[in-house]
Amino acid sequence: MSNDQAQWTTVDHYFTDLLAPADEALTAALADSTAAGLPEIAVAANQGKLLHLLVATQGAKNVLEIGTLGGYSTIWLARALPADGRLVTLEYDPKHADVARGNLARAGLDKTVEVRVGPALDTLPLLEQEGAGPFDFVFIDADKVNNPHYVSWALKLSRPGTLIVVDNVVRGGKVATEHPDDPSVTGTREMFDLVAAEPRLDATAVQTVGTKGYDGLLIARVVDPA
């Protein structure tokens, strides 16, 4: 671990211990995900708390998550919902979805959250057909190659005022590479081009450091075009 990474991790732990302490459900969700062999790429605790605060500030009742993994971020999101709130989360891998369902049930959120399995680009059109939207808040944290498609679908399933958050957009700084050789970076750059050209989105992106290293996120608000 580099000196910078060690410092970032120390500061993150300081923030988390004070402002986003773990509880049994969150700790167990991470432990069960690791035990099941899921990649350890869940959001950091303070990032989960940020998502929670954004959903609460938004007053969201209907939330969409693209990329469930083990349900750690899902718990943070769902806990910010009112009693009549609803969260739909989309997960490609059936094994990941099973782990997430167990974690959500332990957290008492299995009645609030619906986990749908399959490629998101297959399940998103079904949500549209069912009239599941508009969603008040969308969190995108799935395969980066399809980021532009996920943002396009988030826009279709939104309303003016919807907040869209996309994680892992810095790619270790590679997002600024003009001709990247990494498909995930290419997909992320295409997503930025889409957002910048879309009059219905007002957005910014920020770089972050912490326990997850050097990365960042995009936040976009759906607006009525002038």
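This structure is a prediction, so every number in the text was calculated from the model and none was measured.

Observations concerning the sheet that holds strand β1 (residues 62–66)
- The sheet built from seven strands is open, its strands ordered β3-β2-β1-β4-β5-β7-β6 with mixed pairing. Strands at the two margins of the open sheet, each flanked by one partner only, are β3 (113–117) and β6 (201–210). Here the strands of the sheet are splayed against their neighbours by 15° on average, with no regard to which way each runs.
- With four bridges connecting them, strand β4 (residues 137–140) and strand β5 (residues 163–167) associate as parallel partners.

Overview of the layout of surface pockets
- Looking at the largest pocket, its volume works out to about 880 Å³.
- Surrounding the largest pocket, 48 residues form its lining, I41, D141, K144, D167 and N168 being those nearest its centre.
- Mapped by element, the contributors of at least two residues to the lining of the largest pocket are α1 (3–19), α3 (45–58), α4 (72–78), β2 (86–91), α6 (120–130), β6 and β7 (213–222).
- For the lining of the largest pocket, the residue count by class is 21 nonpolar, 16 polar and 11 charged.
- As a volume, the second largest pocket reaches approximately 480 Å³.
- For the second largest pocket, the lining is made up of 27 residues, of which L30, V43, A45, Y72 and K212 are closest to its centre.
- Put simply, the parts of the chain that give the lining of the second largest pocket at least two residues each are α1, α2 (24–35), α3 and α4.

Thoughts on empty space enclosed by the protein
- Within the structure shown, the criterion is met by one cavity of 30 Å³ or more.
- The computed volume of the largest cavity comes to approximately 60 Å³.
- Considering the residues around the largest cavity, the lining is formed by V43, Q47, L50, L51, F139, V165, D167 and L217.
- Counting only elements with at least two residues in the lining of the largest cavity, the list comes to α3 and β5.
- The element that contributes the greatest number of residues to the lining of the largest cavity is α3, accounting for three residues.
- A per-class count over the lining of the largest cavity returns six nonpolar, one polar and one charged.

Re the packing of aromatic side chains
- Across all of its chains, the model carries one aromatic pair by this definition.
- Taken together, a centroid distance of 5.9 Å and an interplanar angle of 50° make the contact between Y14 and F15 tilted.
- A relative accessible area of 52% means that Y14 is categorised as exposed.
- Between K156 and the ring centre of W153, over which it is positioned, the NZ or CZ distance is 4.1 Å.

Here is what the cut-offs are and how they apply
All residue numbers refer to position in the chain's written sequence, counted from 1. Residues qualify for local features only when their pLDDT is at least 70, as the model is predicted, and side-chain atom pairs are given and counted only at 80 or more; totals for whole chains, interfaces and linings, by contrast, use all residues. With hydrogens and water stripped out, all remaining heavy atoms of the structure feed into the side-chain values. One requirement defines pairing of two strands: DSSP has to find at least two bridges between them. Numbered from the N terminus, helices here are DSSP runs of H or I no shorter than four residues, and strands are runs of E no shorter than two. Only the contacting stretch of a helix is used when fitting its axis, a line to C-alpha atoms as for every element, and angles between N-to-C directions run 0 to 180 degrees. Both cavities and pockets are sets of points on a 1 Å grid over the protein atoms alone; in a cavity a 1.4 Å probe fits but cannot get out, in a pocket the set is open with protein on both sides within 12 Å along at least five of seven lines, and lining residues sit with an atom within 4 Å of a point. Grid points are joined across faces, edges and corners, and a volume is the space filled by probe spheres set on the points. Only Asp, Glu, Lys and Arg are considered charged in this grouping, and only Ala, Val, Leu, Ile, Met, Phe, Trp, Tyr, Cys and Pro are considered nonpolar; every other residue, Gly among them, is considered polar. The pairing test for Phe, Tyr and Trp rings, Trp by its six-membered ring, is centres within 6.5 Å, and the orientation test on the planes gives stacked under 30 degrees, edge-to-face over 60, and tilted for anything in between. Accessible area is worked out with a 1.4 Å probe on protein chains only. A residue is then buried under 20% of its type maximum, exposed over 50%, and partly exposed in between. Distance and angle both matter: a charge sits over a ring if NZ of Lys or CZ of Arg is within 6 Å of the ring centre and within 35 degrees of the ring normal.

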